[in-house]
Amino acid sequence: MGSLVLASGSATRREMLERAGLAVTVDPPDVDEAAIKQDCRARGLAAGEAAIKLAIAKAAQVAPRHPGDIVLGADQMLDCGGEWFDKPADRAAAARQIGRLSGRTHTLFSAVAVVRGDAVIWRRLESAELSVRALSAEFIESYLDRVGDAVLGSVGGYQVEGLGIQLFDAIRGEHSTILGMPLIPLLSFLRDEGVIAG
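All figures in this text were calculated on a predicted structure; none of them were measured in a lab.

Draft legend 1. Summary view of the overall build of the protein. Helices and strands together make up the secondary structure of the protein, namely 7 helices and 7 strands. Ordered by position from N to C terminus, the α and β elements of the protein give β-α-β-α-α-β-β-α-β-β-α-β-α-α. For a compact globule of 198 residues, the expected C-alpha radius of gyration is about 16 Å, and the protein comes in at 17 Å, within 12% of that figure. Taking the principal axes of the C-alpha coordinates as reference, the protein spans close to 55 × 35 × 25 Å.

Draft legend 2. Spatial organisation of the pattern of salt bridges. Under the definition given, this model contains 14 salt bridges. Here Glu33 ties to Lys58 by a salt bridge, and the two come within 3.6 Å at their closest N and O atoms. Of this pair, Glu33 sits in helix H2 (residues 33-42) while Lys58 sits in helix H3 (residues 47-62), and the two are 25 residues apart along the sequence. Between Arg100 and Glu83 there is a salt bridge whose closest N-O contact spans 2.9 Å. Here Glu83 lies in strand E4 (residues 83-85) and Arg100 lies in helix H4 (residues 91-101), a separation of 17 residues in the sequence. Three or more residues joined by partner-sharing salt bridges are found here, namely Arg14, Glu15, Glu18 and Arg19.

Draft legend 3. Representation of the layout of surface pockets. Its volume calculated, the largest pocket comes out at about 600 Å³. What lines the largest pocket is a set of 27 residues, among which Arg13, Gln76, Lys87, Gly153 and Ser154 lie closest to the centre. Those elements that place two or more of their residues in the lining of the largest pocket are helix H1 (11-19), H2, strand E3 (70-80) and helix H6 (175-179). Of the residues belonging to the lining of the largest pocket, the class tally is 9 nonpolar, 9 polar and 9 charged.

Draft legend 4. Molecular detail of the pairing of E3. Counting buried positions along E3 yields 11 of 11 residues, so the element is predominantly enclosed. Burial along E3 is two-sided: Ile70, Leu72, Ala74, Gln76, Leu78 and Cys80 facing one way and Val71, Gly73, Asp75, Met77 and Asp79 facing the other are all buried. Pairing geometry for strand E1 (residues 4-7) and E3, over 4 bridges, is parallel. Paired with Leu6 across the two strands is Leu72, which belongs to E3. Bridge count for E3 against strand E5 (residues 105-116) is 9 bridges, and the pairing is antiparallel. Following the sheet pairing, Leu78 is matched in E5 by Leu108. By the bridge criterion, 3 bridges tie E3 to E4 in an arrangement that is antiparallel. Paired with Asp79 across the bridge in E4 is Trp84. Hairpin connection from E3 to E4: 2 residues lie between these consecutive antiparallel strands, with Gly81 at a positive phi of about 60 degrees.

Draft legend 5. Region of the structure containing the nonpolar core. Core analysis: the biggest nonpolar cluster contains 23 residues, and Leu78, Leu130, Tyr143, Leu144 and Tyr158 have the highest contact counts within it. Among the secondary structure elements, those contributing two or more residues to this core are E3, H4, strand E6 (119-132) and helix H5 (137-147). With residues near it in sequence (within four places) discarded, Leu144 still touches Arg91, Ala94, Ala95, Ile98 and Val151.

Draft legend 6. Looking closely at the side chain of Ser102. By secondary structure assignment, the location of Ser102 is in the loop between H4 and E5. Side-chain polar atoms of Ser102 contact the backbone nitrogen of Leu135, separated by 2.8 Å. Once you skip the residues sitting within four places of it in the chain, Ser102 turns out to touch Val132, Arg133, Ala134 and Leu135.

Criteria and cut-off values
Residues numbered from 1 in each chain as written. Predicted model: local features only at pLDDT ≥ 70, side-chain atom pairs only at ≥ 80, totals over all residues. Heavy atoms only, no water. Helix = DSSP H or I, 4+ residues; strand = E, 2+ residues; numbered from the N terminus. Rg over C-alpha atoms; globule rule 2.2 N^0.38 Å. Salt bridge = Lys/Arg side-chain N within 4 Å of Asp/Glu carboxyl O. 1 Å grid on protein atoms, 1.4 Å probe; cavity = no way out; pocket = protein on both sides within 12 Å on 5 of 7 lines; lining within 4 Å. Points joined across faces, edges and corners; volume = space filled by probe spheres on them. Nonpolar A, V, L, I, M, F, W, Y, C, P; charged D, E, K, R; others polar. Buried < 20%, exposed > 50% of the residue type's maximum accessible area, 1.4 Å probe, protein only. Pairing = 2+ DSSP bridges. Core = buried A, V, L, I, M, F, W, Y, C linked by side-chain atoms within 4.5 Å. Contact = heavy atoms within 4.5 Å. Polar contact = N/O pair within 3.5 Å; in protein donor to acceptor, adjacent residues only side chain to side chain.

No statement about biological role is implied by the geometric values presented.
As structure tokens, then:
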């Protein structure tokens, strides 16, 4: 059946798989995410469709290095009122992102794609809705002081598994989707494929 390869440099995604009992080899891809997003925007695609295309591109780029193995690619997109958010480049960008999300509900789209050889054998897109409470400028600055550089690791400038949970007054969606990979449907697929025991 081959090994399970995670085409991602995300420590969170690796930990999700390992905590679920899966042994994975990590092989981060080298894809031009900005170019793929720009192309998706130019073609009028929605954020969720962009997430799927990014997940496939990552898995497909890594798969030739692992013939016969199952390669997982994943991506996450944040859409707020039609605006797509990327990981903030610095603290000032994080403050702007959190300020734009304040008092609004946004959608996180999490996609996973599975490639074996040169074929996409499975893909899945899930979404979650997160409502950020109205935040004062003072709170945002205090939050940024407390989380430090970790704020640069996630779109929107938050991680719900840490202090970022304090930004919200409502969250609707499966936890692993919010963390960046729809794990429950992925595990179901891997069981159906005989990769993990049923």
